[in-house]
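Remarks on the overall topology
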Amino acid sequence: MSSKNATLYFVDAYSPNEGDSSLFLEYGILRWSENKSERPEVYVHTYLQPQYNYNRIHWSEAASKMQISRDFIESKGDLPAIEDMIEADYLKRKNVVCFDASKEPFVSLLRNSEHVFSIVDVFADIYSDDEKAQSCTTLSRMCDYVGLIPDDNRNTNYTPLLKRLHQMAALWSFLEELLLNPKRRKSISAGGIQPSFIWPLPETKDVWFENDPKSFKDLSDKEITDFFSSNLADRLDWFEMNMYACDWLFNRQQRPTARELAGQKELAEFIFQKILSFRMQIWILIFYSQFFHKKEDSLTIAKNRGDFSVLRPAGIESFTNFIIDNLDLFLSSDQKASLIASLINQSLHENDTVPFEHYDFDLLRKKDRTAPEGPRLYFSSSPERGSAADCYKEIRDATGRSIYRRFEIKGRGKERNAHIENVRHHVNELIREASNPFSDIWMTPALKLWIQYITGINFTDIVRPQKMNDPESLNSARITLRKIIEREASPYLEKLYANLNECGELISQENTDIPSKGFNFQGISIEVMIVPSSKMGFIKRLFSFE
């Protein structure tokens, strides 16, 4: 099969201990699209965690050949191992070029690939009648033999492994030309068809912008176009960059899809255009260009001065999701706290403006039970405790969020006292619930999702009891969130206390002819039904149908 018009993936891995498949320190894949006039791009790049004792590794060779030291690997923290790369199976159903596909870990890495091309085998086939060529067993010797010029070291941003992959791509392009045109082998030289745009790599230029711009408005279209040109990847520091297909985090924890978040586009616009610094905006577009391979969309956003509403609908959705999915990485600690406070403030204010609504508990429960689409509400009441039964009734919506709570006091003497005690118990439960900043009263399902995205921490981990081994990031997020909620909830909590105190005064005035008091508390319609003891005979007859 010819790979001329197919997307190709070039793979390589480095171990300073030749023949030991457990001590690999770096792994990389280049992707070269079917349009061979475009340069290959990095598809996967990561340093690796050795699987065994560090003392077995030939660190001196790793440092001299690949600029990898023991301190460098240890400073990288929790790195994946070569086994993780095998399991990730980035080359599944791909057309792959490898230097020697007969050796590990490549045998394992390529087990599910569509087609595998081995440079060693192809080189041997082409030069089967050339004894001198047959003696070339390394990539550098093969390149020297065909006349591919060596690295001129002008580019210092790619790691030696990534440089080697580009060199493999250049050599493969030459070998494939000979495979397609074997008669030209003796009539052409490598220099005649050398893909100079692939190898050697262009000179590194650490270009930001002149005049230290503060926003996109300070840049011309030409400056933006030059910056986001095709050689943007050449200017990134790949010694510090990891890439895992379309992510820079390996095995990133899966979170709910951003599509479940309400108002995500509007919030993404606000964050990108109003909260993030210009430098961070540029880095987001760089990441979107390189990791999501959205070069044209990144350039379009930049040339429209950060306005991504000019993209196609699919592009708007993609960029919105990209921002939301990575809020925990793009925002500083202060920005996260400010954004969370703003969202909570808005949510509490909206819930506070919900009008009080009386619910006919028994009628709704009867209708909901017989609804053809099944129950949509959840009903609960006081447990049967003598005459105090049904002093408290509650309705929750389909998400489990409380929307109605009713407290009833009626009767005379001991019966009335039992009712009062039962209501007091449920009121205290409400107060305890409201006093917990992490309760569902304050935290709507939408807020929980937003907080997960902004902090990068599962909300259930934030609200659970603290453990001895909890990471500092979790403890910090927990403390910060608690303070924010307590501050934002304080005026609404005071309002609740005032309403409950007023209800308490009404209860103490037994003969006050006020049948009920209703008010809204954070989207919960709270109703206190007070039947004066002097009216009980008439009231019992009036409500005998209950």
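Before reading further, recall that the structure is shown in the block above.
The following paragraphs examine the structure supplied in this document. Every value quoted in this text rests on a predicted model; they were computed, and no experiment measured them.

**Quick notes on the overall build of the protein**
Across its full length, the protein holds 22 helices and eleven strands. The 546 residues of the protein split such that 49% are buried. Total accessible area on the protein is roughly 27500 Å²; 49% of this is exposed by carbon and sulfur atoms.

**Considerations on the sheet that holds strand β8 (residues 392–396)**
Spatial strand order, β7-β8-β9-β11-β10: five strands in an open sheet with mixed pairing. The strands lining the two open edges of the sheet, one partner per strand, are β7 (378–381) and β10 (516–521). Each strand of the sheet is rotated relative to its neighbour by a mean of 10°, with strand direction disregarded. Sheet analysis places strand β9 (residues 402–409) next to strand β11 (residues 524–530), joined by six bridges and oriented parallel. Counterpart to Tyr 404 in the pairing with β11 is Ser 525. Along the sheet, helix α18 (residues 413–435) contacts β8, β9, β10 and β11; its crossing angle with β9, the most-contacted strand, is approximately 155°.

**Here's the deal with the packing of aromatic side chains**
Tallied over the full model, the rule gives 31 aromatic pairs. Their ring planes at 10° and their centres at 6.2 Å tell us that Tyr 158 and Trp 238 sit as a pair that is stacked. Note that Tyr 158 is positioned in the loop between α7 (139–146) and α8 (160–180) and Trp 238 in the loop between α10 (221–227) and β6 (243–244), a separation of 80 residues in sequence. Judged by its relative accessible area of 4%, Tyr 158 falls in the buried class. A ring pair is formed by Trp 283 and Phe 287, whose centres lie 5.8 Å apart and whose planes are at 90°; its orientation type is edge-to-face. Here Phe 287 and Trp 283 lie together in helix α12 (residues 278–291), a separation of four residues that amounts to about one turn. Judged by relative accessible area, Trp 283 falls into the partly exposed class, the value being 33%. One aromatic cluster is present, formed by Trp 248, Phe 272, Trp 283, Phe 287, Tyr 288, Phe 291, Phe 292, Phe 308, Phe 319, Phe 322 and Phe 330 through successive ring pairs. Here the guanidinium or amino end of Arg 164 rests over the ring plane of Phe 99, the centre of that ring lying 5.4 Å away.

**Some words on the pairing of β11**
The buried count for β11 comes to six of seven residues, which makes it a mostly enclosed element. Here β10 runs beside β11; their pairing, made up of six bridges, is antiparallel. Bridging across to β11, Phe 519 finds its partner in Ile 526. The loop that links β10 with its antiparallel partner β11 comprises two residues; one of these, Gln 522, has a positive phi angle of about 50°.

**Quick look at the pairing of strand β1 (residues 8–14)**
Burial analysis of β1 places seven of its seven residues in the buried class, which makes it a mostly covered element. Summarising the sheet, β1 and strand β2 (residues 26–32) pair through seven bridges and their orientation is antiparallel. Its bridge partner lying in β2, Tyr 9 is registered against Arg 31. Where β1 lies against strand β4 (residues 95–98), four bridges are found, and the strand directions are parallel. Within β4, the residue paired with Leu 8 across the bridge is Asn 95.

**A look at the packing of helix α16 (residues 333–352) against helix α21 (residues 472–508)**
Two numbers describe how α16 lies on α21: the axes approach to 10 Å, and their chain directions differ by 25°. Classed by the angle they form, the pair α16 and α21 counts as roughly parallel. Where α16 crosses over α21, the two elements pack in a sense that is right-handed. Across from Ala 337, Ile 340, Ala 341, Ile 344, Asn 345, Leu 348, His 349 and Asp 352 in α16, the residues of α21 making contact are Thr 480, Leu 481, Ile 484, Ile 485, Arg 487, Glu 488, Ala 489, Tyr 492 and Lys 495. Across the contact of α16 with α21, the residue classes break down as ten nonpolar, three polar and four charged.

**Re helix α11 (residues 264–275)**
Among the residues of α11, Gln 264, Leu 267, Ala 268, Glu 269, Ile 271 and Phe 272 are the ones counted as buried. Looking at the buried positions of α11, the neighbouring elements they touch are α12, α13 (295–303), α14 (313–325), α15 (327–330), α16 and α19 (445–455).

**What to know about the sheet that holds β4**
Pairing within the open sheet is mixed, and its six strands lie in the order β5-β4-β1-β2-β3-β6. Whereas interior strands pair on both sides, the edge strands pair on one side only; in this sheet they are β5 (115–118) and β6. Taken strand by strand, α8 contacts β1, β2, β3 (41–47), β4 and β5, and its axis lies near 140° from that of β1.

**Looking at the packing of helix α5 (residues 119–126) against α7**
For any two helices packed against each other, one specifies the crossing angle of their axes together with the interaxial distance. The N-to-C vectors of α5 and α7 enclose an angle of 35°; their axes lie 12 Å apart at closest approach. Considering the relative orientation of α5 and α7, their crossing is left-handed. Contact residues: Ile 119, Val 120 and Phe 123 in α5; Met 142, Tyr 145 and Val 146 in α7.

**Comments concerning the nonpolar core**
By size, the foremost hydrophobic cluster in this structure holds 119 residues, and its most contacted members are Phe 10, Phe 228, Phe 319 and Trp 442. Top element by residues in this core is α21. It accounts for 13 residues. Here Phe 319 is in contact with Phe 272, Ile 284, Leu 285, Tyr 288, Ile 301, Phe 308 and Leu 311, once residues within four sequence places are set aside. Core analysis: the next-biggest nonpolar cluster, separate from the first, contains 21 residues, Phe 24, Met 85, Cys 98 and Phe 106 among them.

What counts as what
Residues numbered from 1 in each chain as written. Predicted model: local features only at pLDDT ≥ 70, side-chain atom pairs only at ≥ 80, totals over all residues. Heavy atoms only, no water. Helix = DSSP H or I, 4+ residues; strand = E, 2+ residues; numbered from the N terminus. Buried < 20%, exposed > 50% of the residue type's maximum accessible area, 1.4 Å probe, protein only. Areas by Shrake-Rupley, 256 points an atom, 1.4 Å probe, with all protein chains shown as cover. Pairing = 2+ DSSP bridges. Axes fitted to C-alpha atoms, helices over the stretch in contact; angles between N-to-C directions. Contact = heavy atoms within 4.5 Å. Phe/Tyr/Trp six-rings, centres within 6.5 Å; stacked < 30°, edge-to-face > 60°. Lys NZ or Arg CZ within 6 Å of the ring centre and 35° of its normal. Parallel < 35°, antiparallel > 145°, perpendicular 65-115°, else oblique. Left-handed = near helix turned anticlockwise from the far one by under 90°. Nonpolar A, V, L, I, M, F, W, Y, C, P; charged D, E, K, R; others polar. Core = buried A, V, L, I, M, F, W, Y, C linked by side-chain atoms within 4.5 Å.

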